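Fold and contact review
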Amino acid sequence: MAKWVYAFGGGTADGDREDRDLLGGKGANLAEMATLGLPVPPGFTLTTAVCTAFYDNDRQYPDGLTDEVEAALADLETKVGKAFGDPANPLLVSVRSGARASMPGMMDTVLNLGLNDETAEGLAKLSGDRRFALDSYRRFITMYSDVVLGVPHSTFEELLERFKEDRDYQLDTEVTAEDWAALIPEYKQAVESELGQPFPTDPRDQLWGAIGAVFGSWMNDRAITYRRMYDIPASWGTAVNVQAMVFGNMGETSATGVAFTRDPSTGETGRYGEFLINAQGEDVVAGIRTPQCLTKAMREKMHDRQPSMEEAMPEVYAELERVFEKLEHHYRDMQDIEFTVEQGRLWMLQTRNGKRTARAALKIAVDMADEGLISEEEAVMRVDPGALDQLLHPTIDESYERDVIARGLPASPGAATGAAVFDADEAERRAKLGDRVILVRVETSPEDIHGMHAAQAIVTARGGMTSHAAVVARGMGRPCVSGAGDIKIDAANKRFSAKGRTVSEGEMITVDGATGEVLAGEATMIKPELSGDFAKLMTWADRTRRMKVRTNAETPADVQTAVDFGAEGIGLCRTEHMFFDADRIAAVREMILSDSQDGRVKALAKILPMQREDFASIFRIMGERPCTIRLLDPPLHEFLPHEEDDVAAVAEATGLSATALMERAQSLNETNPMLGHRGCRLGITYPEIYEMQARAIFEAQAQVEKETGIKPVAEVMIPLVAVARELEILKARIEAVARDVESETGKAPEYLIGTMIELPRAALRAGDIAAHAEFFSFGTNDLTQTTFGLSRDDAGKFLAAYLEAQIFDKDPFVSLDQEGVGDLIRIGVERGRASRSELKLGICGEHGGDPASIGFCEGVGLDYVSCSPYRVPVARLAAAQAALRAKS
Ligand SMILES: Nc1ncnc2c1ncn2[C@@H]1O[C@H](COP(=O)(O)O)[C@@H](O)[C@H]1O
Ligand SMILES: C=C(OP(=O)(O)O)C(=O)O
Ligand SMILES: O=P(O)(O)OP(=O)(O)O
Ligand SMILES: [Mg+2]
């Protein structure tokens, strides 16, 4: 029989951290902490299997669940010595979500459950603090109504605000016990008016209501968005944790807080966190009050005048410090911890591996390896290659004169510029149109997640470093300034003001998430420094990986950037990019529009010296690293002149009439150019084009060898081969050019000839093709396009609908379709290698920079991946992780 409910607390637990699939991360770690002997309020976990069964059975619970919950509740009552619903000695519980993967703030939690008029009075008597009891009661009504009954939080906020205004109160702390006693009936009345039925008073009804709502929150919009963003399957489900309440709102010796064992923004060692005296956990994470610092060091750094927890509660803080130490050693990773202090007694409410910026992930991984806590290989596995991207992005140039309009907390590092917007939907709308936007909000709620994702950076007027905005922004790598109190947002008129200045929607601002500053205008940015920890981790990754990492680049600047990032070769130099250059396009047009071979040869002679110099400048940078140069690929159609001026320029160069040229252009026009006169088909029909290019490559090699004494290595790549004979013919011609250049220069070029595999037929007939190819490079952009029959230029129009309908899990042009396109690659590799065992194999489609696709490339045994320059470090790390996974 399935077991649906697992207990924890009192030094033991039914499960442990290995059970996170079943108990969710929160439940598994609560169980683990309980067994470690840490002070965890006892409770029990309804497993993720209950959630799955609930959704599979039309929101019905599985048989036996009610009995198991009753038994667990009775056991909990015994453990804490209180009874659920007993006015004389009431047990209150929290009902908390918690999935396998942490989804901070995305699902629901209800605190203080079990309160009604009688138990609230009982709690007042028992605690001797009526204000505390009524404060807990009003919190419960508010939270339960919002989460379970669908009566929004704002209903109660408005009642409270009006009440405070009438009495001239500024803060919630001024509201007395009598005041709460007067307000609570108003709260309940508001619920009854809204729902037509009274607020539930039976604690068991409340419990099942909350359990249902928390399971239901697995399917709320923000949880769905978050799952999509982080690839979390809907089938995982959430667990529900029912836990005895401890109270941080029991006066000045009580508090609640969130802490990280290392700084989640920078990775610096030293505790980092916030706490609030006389408050409950939600107050900190929701950013309702701006909290106090955890440590003295942090307070001094932030110039905060309020005492830190280390200073205000030294004894409890010392105990907390011991817990940090224990947890970090136990989990061997930075921990994100939620705790509550009830009248001087510390209680642990959650621990999880802390979300962190890429910068912090890197520092923590390297530091922990240096401290001997983890191995170098583990450090390599700890950094998400995709997130590394964040480190490669610019920061504000120091010499830039900053026009600071507001200051807040440096909640997530990095800098970005964009147009100010004040609403998440608008941020998303503008971003879709290609605008860079900065989302400016009073505070963010999880409903804003799509807007935060669409924005370049986030600014909030309220909230601390652990507010929702800060945590989510760090996870996404978006710069964030939170708690910028100077900012007054006028949402109705779409503008904000700060220090007497006004910024309207659409005006450009800059956010510096490292300093907490918001600047007017667009700042100048500089490239990041990639030494220190970054270089160290990369060295460890390079030691570990099997596959080489090359780059797709053709301009000297890009090639240099890629080499600086550690590229070990060029995997794709697209020569057509050199053809489109403004001062060459006229000669290219002259070549394609001339109707004779002589005319083409004449035009190509103009291009040859330019191409030679292009290649020479690349070889000078690349030295002995191999350079794959792809001969002309795009359809001639793409080079045709469209404007009258362009036609006139070609007419002048060729001596042909504009009318004759237009007729010729018309005849070259294609209905379906991507499947038309392109790739090797051009080489076959206009041999002089590829001959010129081959000559430019070989002559450039000879020239650079003469200049530097270093022998450049060229890999001449023929695109769009479908039939082995195409390659056979073109290879013979290129070899003839190589021989000519050798006899003219006295230098034998070092080269290979190979092909791209970008058509299904080429993959299927890889055996025949390999008879003529010394290497294959999988052109997975076109191979995806041709395998799906899906235009890569037009798919954007309906891709969103395909992702929405779960026809595609991911955009197949971004992450390789490992089943379909992957099968063709597998076949290509097998048949190619069977025909030529030393065949060199690589990938040069965009997928070469995508970590999941790189994992696939490792699995099929490619020799290298090639990606755009800024992706090179990502690929180095992803290749190392793939190698480690393959080993394990
Ligand atoms: N049992 C509890 N006692 C006191 N405070 C609690 C309890 N359970 C949760 N909390 C606080 O609520 C927030 C949010 O809960 P999540 O379930 O982690 O979302 C948490 O920070 C705790 O401080
Ligand atoms: C790398 C490729 O070439 P391009 O993107 O230039 O078509 C490819 O098709 O995968
Ligand atoms: O359990 P998690 O980590 O998903 O988050 P939260 O604490 O917000 O529930
Ligand atoms: Mg939590």
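Residues numbered from 1 in each chain as written. Chains lettered and ligands numbered in written order. Predicted model: local features only at pLDDT ≥ 70, side-chain atom pairs only at ≥ 80, totals over all residues. Heavy atoms only, no water.

1. Here we look at the pairing of strand 8 (residues 238-244)
Counted residue by residue, strand 8 has seven buried out of seven residues, so it is predominantly covered. On strand 8, burial covers both faces: Thr-238, Val-240, Val-242 and Ala-244 on one face and Ala-239, Asn-241 and Gln-243 on the other are all buried. Note: strand 3 (residues 43-46) against strand 8, four bridges, orientation antiparallel. Each residue of the ladder has a partner; that of Phe-44, found in strand 8, is Val-242. As paired strands, strand 6 (residues 93-99) and strand 8 are joined by seven bridges and run antiparallel to one another. (Buried < 20%, exposed > 50% of the residue type's maximum accessible area, 1.4 Å probe, protein only. Helix = DSSP H or I, 4+ residues; strand = E, 2+ residues; numbered from the N terminus. Pairing = 2+ DSSP bridges.)

2. Details of the confidence of the model for the chain
Of all residues in the chain, 98% have pLDDT values of 70 or greater, and the mean over the chain is 92. Our summary of model confidence lists the complex with pTM equal to 0.80 and ipTM equal to 0.92. (pLDDT = per-residue confidence, 0-100.)

3. A short note on the pairing of strand 7 (residues 109-113)
By the criterion of burial, strand 7 is predominantly enclosed, with five of the five residues buried. Pairing of strand 6 with strand 7 involves three bridges; the strand directions are antiparallel. Across the sheet, the residue bridging to Val-93 is Leu-113, located in strand 7.

4. As for the packing of aromatic side chains
Tallying each qualifying case throughout the model produces 18 aromatic pairs. An angle of 50° between the planes, with centres 6.1 Å apart, marks the rings of Tyr-61 and Phe-215 as tilted. One end of the pair, Tyr-61, is in the loop between helix 2 (48-56) and helix 3 (65-80); the other, Phe-215, is in helix 8 (residues 203-216), with 154 residues separating them in the sequence. What makes Tyr-61 partly exposed here is its relative accessible area of 27%. Between Phe-132 and Phe-247 the ring centres are 5.0 Å apart and the planes differ by 75°, which places this aromatic pair in the edge-to-face class. Of this pair, Phe-132 sits in helix 5 (residues 130-149) while Phe-247 sits in the loop between strand 8 and strand 9 (255-262), and the two are 115 residues apart along the sequence. This pair shows no difference in class: Phe-132 is buried, exactly as Phe-247 is. One aromatic cluster is present, formed by Phe-54, Tyr-55, Tyr-61, Trp-208 and Phe-215 through successive ring pairs. The side chain of Arg-227 reaches across the aromatic face of Trp-218, ending 4.0 Å from its centre. One Lys or Arg, Arg-550, reaches over the ring of Tyr-864 and ends 4.0 Å from the middle of that ring. (Phe/Tyr/Trp six-rings, centres within 6.5 Å; stacked < 30°, edge-to-face > 60°. Lys NZ or Arg CZ within 6 Å of the ring centre and 35° of its normal.)

5. Quick notes on the site of ligand 2
Neighbouring ligand 2 are Leu-572, Arg-574, Arg-630, Met-756, Glu-758, Gly-779, Thr-780, Asn-781, Asp-782, Arg-792, Cys-844 and Gly-845. Interatomic distance of 2.9 Å between a side-chain N/O atom of Arg-630 and an oxygen atom of ligand 2. Gly-779 is positioned such that a nitrogen or oxygen atom in its backbone is 3.2 Å from an oxygen atom of ligand 2. When ligand 2 sits alone it has 290 Å² of accessible area, and the protein chains cover 94% of it. Those elements giving two or more residues to the shell around ligand 2 turn out to be strand 28 (570-574) and helix 32 (780-788). In terms of residue count, helix 32 provides more of the shell around ligand 2 than any other element does, three residues in total. Its residues assigned to classes, the shell around ligand 2 comprises three nonpolar, four polar and five charged. (Near = heavy atom within 4 Å. Polar contact = N/O pair within 3.5 Å; in protein donor to acceptor, adjacent residues only side chain to side chain. Areas by Shrake-Rupley, 256 points an atom, 1.4 Å probe, with all protein chains shown as cover. Nonpolar A, V, L, I, M, F, W, Y, C, P; charged D, E, K, R; others polar.)

6. Quick look at the UniProt feature "binding site: Mg(2+)" (unreviewed entry) in the chain
Those residues carrying the UniProt feature "binding site: Mg(2+)" (unreviewed entry) are Glu-758 and Asp-782 in this numbering. Of the residues just listed, which span 25 residues, no C-alpha pair is farther apart than 5.3 Å, and they cluster in one region. Aside from chain neighbours lying at most four places away, what touches Glu-758 is Arg-678, Pro-719, Leu-720, Gly-779, Asp-782, Leu-783 and Thr-786. Engagement of the side chain of Glu-758 in a polar contact is seen with the backbone nitrogen of Leu-720, the distance being 2.7 Å. When sequence neighbours within four positions are dropped, the list of residues in contact with Asp-782 reads Met-674, Arg-678, Glu-758 and Arg-792. (UniProt positions renumbered as here; feature names shortened; annotations may be inferred. Contact = heavy atoms within 4.5 Å.)

7. Looking at the side chain of Ser-145
Tracing the backbone shows Ser-145 in helix 5. What makes Ser-145 buried here is its relative accessible area of 0%. Other than its neighbours up to four places away in sequence, Ser-145 contacts Phe-140, Gly-150, Val-151, Phe-156, Val-191 and Phe-199.

8. Some points on the site of ligand 3
The full set of residues close to ligand 3 is Lys-26, Ser-97, Ser-102, Met-103, Pro-104, Gly-105, Glu-338, Gln-350 and Arg-352. Burial of ligand 3 by the surrounding chains reaches 88%, relative to a free accessible area of 280 Å². Residues that form the shell around ligand 3 fall into these classes: two nonpolar, four polar and three charged.

9. Focus on the nonpolar core
Core analysis: the largest hydrophobic core is formed by 131 residues, its most contacted members being Ile-718, Phe-776 and Phe-778. With near-sequence residues (within four places) excluded, Phe-778 lies in contact with Ile-757, Leu-783, Ile-825, Gly-828, Val-829, Leu-841, Gly-842, Ile-843, Cys-844, Gly-845 and Leu-862. If you look at the next biggest cluster of nonpolar residues, it comprises 83 residues, including Leu-207, Val-421, Val-472 and Cys-480. (Core = buried A, V, L, I, M, F, W, Y, C linked by side-chain atoms within 4.5 Å.)

10. Considering the sheet that holds strand 7
Pairing within the open sheet is antiparallel, and its six strands lie in the order 2-1-3-8-6-7. Edge positions in the open sheet fall to strand 2 (12-13) and strand 7, since each of these has one partner strand only. Helix 8 rests against strand 3, strand 6, strand 7 and strand 8 of the sheet, and its axis sits at about 145° to strand 8. (Axes fitted to C-alpha atoms, helices over the stretch in contact; angles between N-to-C directions.)

11. Focus: the packing of helix 23 (residues 585-593) against helix 24 (residues 597-622)
It is the contact of helix 23 with helix 24, at a shortest axis distance of 8 Å, that shows an interaxial angle of 160°. The pairing of helix 23 with helix 24 is recorded here as roughly antiparallel in orientation. With respect to the hand of their crossing, helix 23 and helix 24 are arranged in left-handed fashion. Facing helix 23, whose interface residues are Ala-587, Val-588, Glu-590 and Met-591, helix 24 presents Arg-600, Lys-602, Ala-603, Leu-604, Lys-606 and Ile-607. (Parallel < 35°, antiparallel > 145°, perpendicular 65-115°, else oblique. Left-handed = near helix turned anticlockwise from the far one by under 90°.)

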